[in-house]
Amino acid sequence: MIYSHEVETMCPIAQGAAHGAAPIPEEAKWVKAKEIKDISGFTHGIGWCAPQQGTCKLTLNVKDGIIQEALVETIGCSGMTHSAAMAAEILPGRTILEALNTDLVCDAINTAMRELFLQIVYGRSQSAFSEGGLVVGAGLEDLGKGLRSQVGTMYGTLAKGPRYLEMTDGYVTQLALNEDNEIIGYKFINFGKMMDLIKAGEDANSAYEKAQGQYGRVSDAVKFVDPRKE
């Protein structure tokens, strides 16, 4: 350690105020975190790239400073899906400090990692007051049956109005309109359910029929519109 001449010539004075780290909530315990291994938590965060062309939702489950589980969801940029594939391989097994300083290939994923790091080390995790935290595998529960991301895709123009393209329910196939051409419901295909049926041996046409659903006042509709063609 090299000190400046000014510091070298100072007289030593004792540091009286040393109360240690403030405790943060972690998995139903109050922890004075001093090292990376003191950090545990399950949480989510989002990130974006510099041109804001796409975004990432990152979910991490950290136990004793080590990432045990990572869910990487991206939208808006075709290249991000490949970046997410690499990030899903990179993250588990790393400390949160390593992960913060590791190139996760895409700026949006790197930014999400930064936001999660801040949440976790400040005790703002989703599992702060859950005894024992959340089990490894809890990240998949966000995806629901069929293990598909919750995606909403809507489009609208002043000239032609709104188009619902995809909801959490699934891929929208028809919009239900009333006599004033207002949307009062929609029909959809749940892709996750359809693929599960096909993988189980169901005929594709039969699976397509069984995976259909509807929402809203579909029975009151006076007209149906294909949101991708009409």
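Each remark here, short or long, concerns the structure printed above.
Residues numbered from 1 in each chain as written. Predicted model: local features only at pLDDT ≥ 70, side-chain atom pairs only at ≥ 80, totals over all residues. Heavy atoms only, no water.

Participant: What is the right way to read the sheet that holds strand β5 (residues 66-75) from this model?
Facilitator: Strand pairing within a sheet occurs via backbone hydrogen bonds; the two strands may be parallel or antiparallel. What the three strands build is an open sheet, ordered β3-β4-β5; its pairing is antiparallel. Both edges of this open sheet fall to β3 (41-48) and β5, since each of them pairs with a single strand only. Strand-to-strand twist of the sheet, defined as the mean angle between neighbouring strand axes without regard to direction, takes the value 15°. Alignment of strand β4 (residues 55-63) against β5, held across nine bridges, turns out to be antiparallel. Residue N61 lies in a different strand from β5, and its bridge partner there is E69. Most of the contacts of helix α2 (residues 78-90) go to β5, to which it runs at about 175°, and overall it touches β4 and β5. (Pairing = 2+ DSSP bridges. Helix = DSSP H or I, 4+ residues; strand = E, 2+ residues; numbered from the N terminus. Axes fitted to C-alpha atoms, helices over the stretch in contact; angles between N-to-C directions. Contact = heavy atoms within 4.5 Å.)

Participant: Looking at this model, I keep getting lost on the packing of aromatic side chains. Mind explaining?
Facilitator: Describing an aromatic ring pair means giving the distance of the ring centres and the angle of the ring planes. Within the structure shown, the criterion is met by five aromatic pairs. On the basis of an interplanar angle of 70° and a centroid distance of 6.3 Å, the ring pair of W30 and F129 is categorised as edge-to-face. With W30 in strand β2 (residues 29-31) and F129 in the loop between α4 (107-121) and α5 (138-141), this pair connects stretches of sequence that are 99 residues apart. Among the residues examined, W30 registers a relative accessible area of 61% and is labelled exposed. The exposure class assigned to F129 is exposed, which follows from its relative accessible area of 65%. Sitting over the ring of F224, K187 keeps its end group 4.5 Å from the ring centre. Here the guanidinium or amino end of R228 rests over the ring plane of Y171, the centre of that ring lying 3.7 Å away. (Phe/Tyr/Trp six-rings, centres within 6.5 Å; stacked < 30°, edge-to-face > 60°. Buried < 20%, exposed > 50% of the residue type's maximum accessible area, 1.4 Å probe, protein only. Lys NZ or Arg CZ within 6 Å of the ring centre and 35° of its normal.)

Participant: In this structure, what is going on with α2? I would like to understand it.
Facilitator: Each turn of an α-helix holds 3.6 residues, which means side chains three or four residues apart point in the same direction. When we look at burial in α2, the residues that qualify are M80, S83, A84 and A87. Along α2, the residues classed as buried sweep out an arc of 110° about the axis, all on the same side. Turned more than 90 degrees off the buried face of α2, the exposed positions are S78, H82 and E89. (Arc of directions from axis to C-beta.)

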